[in-house]
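Residue-level listing of the chains:
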Number of protein chains: 2
Amino acid sequence: MAKVAVLGFGVVGSGVVEVLETNAQSIAQKVGEPVSLKYILDLRDFPESPYRDKIVHDFDIILNDPEVDVVCEVIGGVEPAYTFTKKALLAGKSVVTSNKELVAKHGAEFLKLAKEKDLNYLFEASVGGGIPIIHPLHQCLAGNEIQSVIGILNGTTNYILTQMFQNGVPFDQALAEAQERGYAERNPSADIDGIDACRKIAILGSLIYGRQLPTDEIPTEGISKLTLDDVAAAESAGYVIKLLGVYRKLHKQVYCRVSPCLISKNHPLSHVDDVFNGILVNGNAIDDVMFYGRGAGKLPTASAVVADIIDCVKHRNVNRSVIWEDGEAG
Amino acid sequence: MAKVAVLGFGVVGSGVVEVLETNAQSIAQKVGEPVSLKYILDLRDFPESPYRDKIVHDFDIILNDPEVDVVCEVIGGVEPAYTFTKKALLAGKSVVTSNKELVAKHGAEFLKLAKEKDLNYLFEASVGGGIPIIHPLHQCLAGNEIQSVIGILNGTTNYILTQMFQNGVPFDQALAEAQERGYAERNPSADIDGIDACRKIAILGSLIYGRQLPTDEIPTEGISKLTLDDVAAAESAGYVIKLLGVYRKLHKQVYCRVSPCLISKNHPLSHVDDVFNGILVNGNAIDDVMFYGRGAGKLPTASAVVADIIDCVKHRNVNRSVIWEDGEAG
């Protein structure tokens, strides 16, 4: 019987709890033992929740419980996620996360620590929501030298751009609609300024290149300056505009950026619309391969988190993570 | 130092040898040790090949060499592939394969044998060529109950259909062109009659359902009866026609078939053209996710085979395969 603690009972956290419960039987079959939720750490109490008995407010309860195999950090942001992750790994617990900000900033440190302790630090959910991309890059494409990754990595901006292109909605109005539908935060800067996409391409790039690529050195431009005139100009030339995160490796040099780009309507990424994400990978054996699906949302993101939990339980004491070094890219 | 034997020096086999050589350095980094080719089994001699010293004609040389960790079966067909695979597993060697006919027919037996011997029998290359689909289904989507798989699984027929739709080429002429370009065999039946797609959807279905789904019970219809009149009728209604392999699970009942289908032009699979494959998976957490890429060809297929070789070497004596039972689907 494997025991899991979920840190943060927000959208993703409640999705993880739901997937572990709904699919408990098939997960137990795949793992070879039941995987059950023991704690949910949150500041709030949730007296109405069926999971209220599992809520704790003190992280030390989780840390000091030897039954907890896997800590699932879905708080987001740097603190207290950083401290909790480090303490959990030091206490011999594997950690899985959907926290792209933390992985983009401190991935190298946690991967090293996990390796030293024969644990795992897995983060499939940090890029592309539920879309399998981290594992396929690390494992299924391991026979390739990866030459480029081009991704529509942010669903909010892709929804806005789709509204601008398909329905002629101006940027401000499309953003307001995205906020109404819950696709965009009240403070939408991380999405529309490309910060979220930058963290994600930094994670993919670090994974491929084997070094932590610093997000503050990646040229990043968002979509807030785009107008319907730009849309008309692009359309008349046979293009759409997508916010792309791009990683390229050329002669041992790595090049990364985030910016709105013109894409021909024949290009597979041009059909990735609404809140969907699409990630096109080019390897020297496989040529182009694309991964497409819901890049965010409660259950899709939880799907990736739970897959990593299963992987941790199936590989207790076997480090399966990648390693990337701290420091500058060449 | 891990040693590999490749059985069959045809298109895929020579691709595997090429990828192992070209990407030797990055593969060694990922594995933590070099992975080198020790033998190539073929009936022919290849006196001009730089690999002529590695050619052997007697499988027992490979079988009796304790240095060989992984046997890579890319002969295709049932015999002698079946006998070689069984002997290799019994001799304590993991086996990787691109042989969809053998996996669709005898997968259950080899998976059971591999499990008993703490070895691996991996077959990522048997479906979708280089496209990661077996591992993602088995691992990255393990938190889901998979409800359906809908796939364009055969590049040859997809090329023919694309020619018929985009260029108005009649079936017979499009088939002749596919043969000229090397996309179709001289005897094209396995492709155009849907037999190849049937094997592939049987493999995916068996993987999800956990039982070997017998190919001869899957209703299978090919594309040879399609005419340009059908194309015109589909087009006028806003559809394209694709040859789809379909797996659905409904109330514990499994349903599989292969047939040409109308797809709306808004559907993500409708944009999968030419020799590309696309596989749309629906899970109860992730919703829709699509995998897209080159479903055949020397290097893309080799990419998947080499990924499985790497996986075997990284997990010596750890069974990582799935298990599916022999016998009837419920």
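Heads up: the structure comes first, above all this text.
If you're wondering where the values come from, they're calculated on a predicted model, not measured in any experiment. (Residues numbered from 1 in each chain as written. Chains lettered and ligands numbered in written order. Predicted model: local features only at pLDDT ≥ 70, side-chain atom pairs only at ≥ 80, totals over all residues. Heavy atoms only, no water.)

**Q** Break down the overall build of chain A for me, citing the residues and quoting the values.
**A** If you tally the helices and strands in chain A, you get 12 helices and 11 strands. The principal-axis extents of the C-alpha atoms in chain A amount to approximately 60 × 50 × 35 Å. Across the 330 residues in chain A, those meeting the buried criterion constitute 59%. Nonlocal contacts in chain A, meaning residues at least 24 apart in sequence, comprise 70% of its contacts between residues at least 6 apart. Carbon and sulfur atoms make up 48% of the accessible area of chain A, which amounts to about 13100 Å² in all. Separation of charge centres in chain A, based on 31 positive and 42 negative side chains, amounts to 4 Å. (Helix = DSSP H or I, 4+ residues; strand = E, 2+ residues; numbered from the N terminus. Buried < 20%, exposed > 50% of the residue type's maximum accessible area, 1.4 Å probe, protein only. Contact = heavy atoms within 4.5 Å. Areas by Shrake-Rupley, 256 points an atom, 1.4 Å probe, with all protein chains shown as cover. Lys, Arg positive; Asp, Glu negative; His and termini not counted. Charge placed at Lys NZ, Arg CZ, Asp CG, Glu CD.)

**Q** Please give an account of the nonpolar core that cites residues and values.
**A** Membership of the largest hydrophobic core comes to 177 residues, with the highest contact counts inside it found for Ile62, Ile160 and Val281 of chain A together with Ile62, Ile160 and Val281 of chain B. Ignoring any residue separated from it by four or fewer positions in sequence, one finds Ile160 of chain A in contact with Phe171, Ala174, Leu175, Ala178, Ile192 and Ile223 of chain A. (Core = buried A, V, L, I, M, F, W, Y, C linked by side-chain atoms within 4.5 Å.)

**Q** Report on the interface of chain B and chain A, specifying residues and quantitative values.
**A** Taken residue by residue, the interface counts 44 residues in chain B and 44 residues in chain A. Counting each side, the surface lost to burial between chain B and chain A is near 3500 Å², with a carbon and sulfur contribution of 55%. Summed over the three residues of chain B that lose the most area to chain A, namely Gln139, Cys140 and Tyr292 of chain B, the buried surface amounts to 16% of that side. Inspection of the region where chain B meets chain A yields 2 salt bridges. Of all the elements in the fold, those that place two or more residues in the side of chain B that touches chain A are helix H1 (11–22), helix H2 (24–31), helix H6 (134–140), strand S11 (287–294) and helix H12 (298–314) of chain B. Of the residues contributing to the side of chain B that touches chain A, the split by class is 21 nonpolar, 14 polar and 9 charged. Relative to S11 of chain B, strand S11 (residues 287–294) of chain A runs antiparallel, the two sharing 5 bridges. If you follow Val289 of chain A over to S11 of chain B, its bridge partner there is Gly293 of chain B. (Buried area = accessible area lost by both parts, 1.4 Å probe. Salt bridge = Lys/Arg side-chain N within 4 Å of Asp/Glu carboxyl O. Nonpolar A, V, L, I, M, F, W, Y, C, P; charged D, E, K, R; others polar. Pairing = 2+ DSSP bridges.)

**Q** Mind laying out the pattern of salt bridges, listing which residues take part and the relevant values?
**A** Residues and elements named next belong to chain A. Tallied over the full model, the rule gives 28 salt bridges over all chains. The salt bridge partner of Lys86 is Glu109, with a shortest N-O separation of 3.1 Å. Placement of the pair is Lys86 in helix H4 (residues 81–90) and Glu109 in helix H5 (residues 100–116), with a sequence separation of 23 residues. Classification of Glu109 as partly exposed rests on a relative accessible area of 25%. A salt bridge links Asp196 to Lys200; its shortest N-O distance comes to 2.7 Å. Of this pair, Asp196 and Lys200 both sit in helix H10 (residues 195–209), separated by 4 residues, roughly a single helical turn.

**Q** Explain the side chain of Asn99 of chain B residue by residue, including any values.
**A** Within the secondary structure layout, Asn99 of chain B lies in the loop between strand S5 (94–97) and helix H5 (100–116). Looking at Asn99 of chain B, the relative accessible area reads 3%, which means it is buried.

**Q** Please set out the sheet that holds strand S9 (residues 253–264) of chain B residue by residue, giving values where relevant.
**A** Read from one edge to the other, the open sheet built from 10 strands follows the order S9(A)-S8(A)-S7(A)-S10(A)-S11(A)-S11(B)-S10(B)-S7(B)-S8(B)-S9(B), with strand pairing classed as antiparallel. Each end of this open sheet is capped by a strand with a single partner; those strands are strand S9 (253–264) of chain A together with S9 of chain B. Taken over all neighbouring pairs, the strand axes of this sheet differ in orientation by 15 degrees on average, direction set aside. Note that strand S7 (residues 146–152) of chain A and strand S8 (residues 239–250) of chain A share 4 bridges and pair antiparallel. Residue pairing across strands places Ser148 of chain A opposite Arg248 of chain A, the latter belonging to S8 of chain A. (Axes fitted to C-alpha atoms, helices over the stretch in contact; angles between N-to-C directions.)

**Q** Kindly report on the relation of the copies chain B and chain A, identifying the contributing residues and their values.
**A** Superposition of the two copies of the chain requires a rotation about an axis together with a shift along that axis. Mapping chain B onto chain A calls for a rotation angle of 180 degrees and an axial translation of 0.0 Å; the resulting RMSD is 0.0 Å. One copy is carried onto the other by what is essentially a two-fold rotation axis. Proximity to the rotation axis, assessed at the C-alpha, singles out Phe291 of chain B in chain B; its C-alpha lies 2.5 Å from the axis. Of all interface residues in chain B, 100% are interface residues in chain A too; the two copies therefore contact each other through one and the same surface. (Least-squares fit on C-alpha atoms with pLDDT ≥ 70 in both.)

**Q** Tell me about the packing of helix H7 (residues 155–167) of chain B against helix H8 (residues 171–180) of chain B, and name the residues and values.
**A** Residue and element names in this part refer to chain B. Remark: H7 packs on H8, axes separated minimally by 9 Å, with the N-to-C direction vectors making an angle of 130 degrees. If you check the angle between H7 and H8, you find them oblique. Between H7 and H8 the crossing geometry is right-handed. Counted together, Thr156, Tyr159, Ile160, Gln163 and Met164 of H7 and Phe171, Ala174, Leu175, Glu177 and Ala178 of H8 form the full contact between these two elements. In terms of residue class, the contact of H7 with H8 is built from 7 nonpolar, 2 polar and 1 charged. (Parallel < 35°, antiparallel > 145°, perpendicular 65-115°, else oblique. Left-handed = near helix turned anticlockwise from the far one by under 90°.)

**Q** Give me H10 of chain A: which residues, what numbers.
**A** All names here are of chain A. In a regular helix each residue adds 1.5 Å, so 15 residues correspond to 21 Å; H10 covers 20 Å between its end C-alpha atoms and thus fits that length. Burial within H10 is extensive, with 13 of its 15 residues counted as buried. Directly after H10, the chain includes Gly210, whose backbone phi takes a positive value near 85 degrees. (Expected span 1.5 Å × (residues − 1).)

**Q** I'd love a proper account of H8 of chain B, names of residues and values included.
**A** Residues and elements named next belong to chain B. What H8 keeps buried is the set Phe171, Ala174, Leu175 and Ala178. Taken end-on, H8 shows its buried residues confined to a sector of 100 degrees, consistent with a single buried face. For H8, the exposed residues set more than 90 degrees away from the buried face come down to Asp172 and Glu180. Positive phi shows up at Gly182, right after H8, with a value of about 80 degrees. (Arc of directions from axis to C-beta.)

**Q** Give a description of the packing of aromatic side chains that names residues and reports values.
**A** Residues and elements named next belong to chain A. Counting across every chain of the model gives 15 aromatic pairs over all chains. On the basis of an interplanar angle of 5 degrees and a centroid distance of 5.0 Å, the ring pair of Phe276 and Tyr292 is categorised as stacked. Here the residue Phe276 occupies a position in strand S10 (residues 276–283), and Tyr292 occupies one in strand S11, the gap between them amounting to 16 residues. Its relative accessible area of 14% is what places Phe276 among the buried residues. (Phe/Tyr/Trp six-rings, centres within 6.5 Å; stacked < 30°, edge-to-face > 60°.)

**Q** Quick rundown of the pairing of S8 of chain A? Include the residues and the values.
**A** Along any regular strand, the residues point their side chains to alternate faces of the sheet. Residues and elements named next belong to chain A. Two elements, S8 and S9, share 12 bridges in a ladder whose sense is antiparallel. Within S9, the residue paired with Lys242 across the bridge is Cys261. The turn joining S8 and S9, which pair antiparallel and follow one another in sequence, is formed by 2 residues; a positive phi near 50 degrees is taken by His251.

**Q** Break down the sheet that holds strand S1 (residues 2–7) of chain A for me, citing the residues and quoting the values.
**A** All names here are of chain A. Strand order in the open sheet made by the 6 strands is S3-S2-S1-S4-S5-S6, with parallel pairing throughout. The open sheet is flanked by strand S3 (55–56) and strand S6 (121–122), the only strands paired with a single partner. Here 2 bridges tie strand S2 (residues 35–41) to S3, and the two strands are oriented parallel to one another. The residue of S3 that forms the bridge with Leu41 is Val56.

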